[in-house]
Amino acid sequence: MTKAAPLLCKIALFGLLVNLSIGKPNMAQLAPIASFLSWREHESHCGGQHQSPINIESATAIIANYPEFVFHNYDLVFPERLENNGHTVELKIEEQGISAELPFITGGGLTDRYNFVQLHFHWGQSFSGSEHRIDGEQYPAELHMVHYNSKYGTFTEALSYEDGLAVFGIMIELQSRDNIAFRHLEQFDNIIDPSIANSDTLKYSVPLSDLLPDNTDSFFRYNGSLTTGDCNEDVIWTVFDTPIAISERQLAKFRRLRDEHGNELVENVRLTQLLHDRVVMYRPQSNPSSPSLSNPSSPLLSLPDLISAIEFPLE
């Protein structure tokens, strides 16, 4: 990745010069390249070997015998707030004055308890707005639910550790009718321009369980990074292969949002990254006995561990 970056810069520059030589450059085509170069230039972690998102190839994923997830307090309703931070829209729980225990997850191959922090969205100008791809397919949008490892005390402290975060990647597809679980989208009108108002308390809070796919038993697992900010390589990714759905009218609500400079937020999607030495695991809905990991509870995977965990038939 590091050696390839200068070559990519030269290719991007050559493309720009060609466009300039024949007329006005196509900025829509150059935007993804410019976005990638911006990540590499301004954030040192973003050029690492374990970056996200990736294209998940199901045919090469290794079956893992992970236990099921346990979603604690995901069915409870808490006071929630929407925030347009200029890059995406986040939904957070307003913790002040809450006596009940906040949502957290266990199981699913995670060895620790992970506390919910926030959820946010990624979308595109067309119908290709998800960051992750599954077998090359890109969905109209993607929902990320972010959790931090409780043993590190705080989200900020957890950022320094490779098992610090656990993030759900949930694909969003389109359906003909509105999804009532996304009724909070109607309040996007109050935070369109963050320079005027960037947050709003939800009138009707939604339990996190309403935003999960119908099937959470089957999912992909790999070690990666945050896709924004410093691109910290501290994320245990869980990408569910069952999508959720919203209407085209609801998707249009995302595209009305603007950043702090007044520009439309229509493409907050990072390009897929190289897999390098990583492997992708897959937990099917019904767990076959073989092949499986010898230590399926370990979320951090290395190639030597995987080689030793797989039984090869004798000649």
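Starting from 1, residues in each chain are numbered consecutively following that chain's sequence as written. In keeping with the model being predicted, local features are shown solely for residues with a pLDDT of at least 70 and side-chain atom pairs are shown and tallied solely at 80 or more, while totals for entire chains, interfaces and linings include all residues. Heavy atoms from the whole structure form the basis of all side-chain values; hydrogens and water molecules are not counted.

The name given to the protein chain in an unreviewed UniProt entry is Carbonic anhydrase, with the source organism recorded as Daphnia pulex. Quoted straight from UniProt, the Catalytic activity (unreviewed entry) entry for the protein chain says "hydrogencarbonate + H(+) = CO2 + H2O". UniProt positions are given in the numbering used here, feature names are shortened, and annotations may be inferred rather than shown by experiment. In its Cofactor (unreviewed entry) section, the UniProt entry covering the protein chain states "Zn(2+)".

A. Layout of the overall build of the protein chain. Only DSSP runs of H or I reaching four residues or more are called helices, and only runs of E reaching two or more are called strands; each is numbered from the N terminus. Each helix and strand counted, the protein chain has 5 helices and 15 strands in total. Throughout, exposure labels follow a simple rule: accessible area from a 1.4 Å probe, protein chains only, divided by the maximum for the residue type, with under 20% read as buried, over 50% as exposed, and the rest as partly exposed. Taken across its 315 residues, the protein chain has 46% of its residues classed as buried. Contact between two residues is taken to exist if any of their heavy atoms lie within 4.5 Å; hydrogens are not considered. Considering only contacts in the protein chain between residues 6 or more positions apart, those separated by 24 or more positions represent 74%. We get accessible surface area from the Shrake-Rupley algorithm with a probe of 1.4 Å; when it comes to residues, only the shown protein chains can shield them. Carbon together with sulfur atoms contributes 53% to the accessible area of the protein chain, which is approximately 15500 Å² in total.

B. Broad picture of the confidence of the model for the protein chain. Overall, the prediction assigns the protein chain a mean pLDDT of 83, with 77% of residues at 70 or greater. Known as pLDDT, the predictor's confidence for each residue is given on a scale from 0 to 100. Scored below 50 in pLDDT, residues 302–315 shows 10 contacts in the model against residues more than four places distant or in partner chains.

C. How the structure looks around the layout of surface pockets. In this model, the second largest pocket occupies a volume close to 390 Å³. Per-element accounting of the lining of the second largest pocket gives the leading share, 4 residues, to strand β7 (residues 110–123). Charged residues are taken to be Asp, Glu, Lys and Arg, nonpolar residues to be Ala, Val, Leu, Ile, Met, Phe, Trp, Tyr, Cys and Pro, and polar residues to be all remaining types, Gly included. Among the residues making up the lining of the second largest pocket, the classes are represented as 8 nonpolar, 11 polar and 2 charged. Using a 1 Å grid laid over the protein atoms alone, points where a 1.4 Å probe fits but cannot get out form a cavity; open sets with protein on both sides within 12 Å along at least 5 of 7 lines form a pocket; any residue with an atom within 4 Å of a point counts as lining. Grid points are joined across faces, edges and corners, and a volume is the space filled by probe spheres set on the points.

D. Focus on the environment of L208. With respect to the secondary-structure elements, L208 resides in the loop between β11 (199–201) and β12 (219–224). With a relative accessible area of 3%, L208 lands in the buried category. Residues L208 and F78, 130 residues apart in the sequence, show an inter-C-alpha distance of 9.5 Å. Apart from the residues lying within four places of it in its own chain, the contact partners of L208 are Y74, P103, F116, L119 and M145.

E. Region of interest: the side chain of H120. Mapping H120 onto the fold places it in strand β7. Under this definition, polar contacts are N or O atom pairs within 3.5 Å; protein pairs additionally need one hydrogen-donor-capable and one acceptor-capable atom, and for neighbouring residues in sequence, both atoms have to be side-chain atoms. Polar side-chain contacts of H120 include one of 3.3 Å to the side chain of H122. Those residues in contact with H120 that lie beyond four places of it in its chain are T88, V89, E90, E142, L143, H144 and V146.

F. Just the pairing of strand β4 (residues 80–84), in detail. Of the two faces of β4, only the one carrying E80, L82 and N84 is buried; R81 and E83 on the other face are not. For two strands to be treated as a pair, DSSP must find at least two bridges joining them. As judged from the 5 bridges shared by β4 and strand β5 (residues 89–93), these two strands associate in the antiparallel manner. Considered in β5, the bridge of E83 is made with E90. Here β4 folds back onto β5 in antiparallel fashion, the turn holding 4 residues, of which G86 has a positive phi close to 90°. Bridge analysis of β4 against β11 gives 3 bridges, and the strand direction is antiparallel. Bridging across to β11, R81 finds its partner in T201.

G. Just the pattern of salt bridges, in detail. Basic side-chain nitrogens of Lys or Arg form a salt bridge, by our definition, when they fall within 4 Å of a carboxyl oxygen of Asp or Glu. Tallied over the full model, the rule gives 12 salt bridges. The partner of R249 in a salt bridge is D178, with the nearest N and O atoms 2.8 Å apart. Highlighted residues: R249 in helix α4 (residues 248–255) and D178 in the loop between β10 (165–175) and β11, separated in sequence by 71 residues. On the basis of relative accessible area, R249 is assigned to the partly exposed category, the value being 40%. Judged by its relative accessible area of 38%, D178 falls in the partly exposed class. For R256, the salt bridge is made with D189, and the minimal N-O distance between the two is 2.9 Å.

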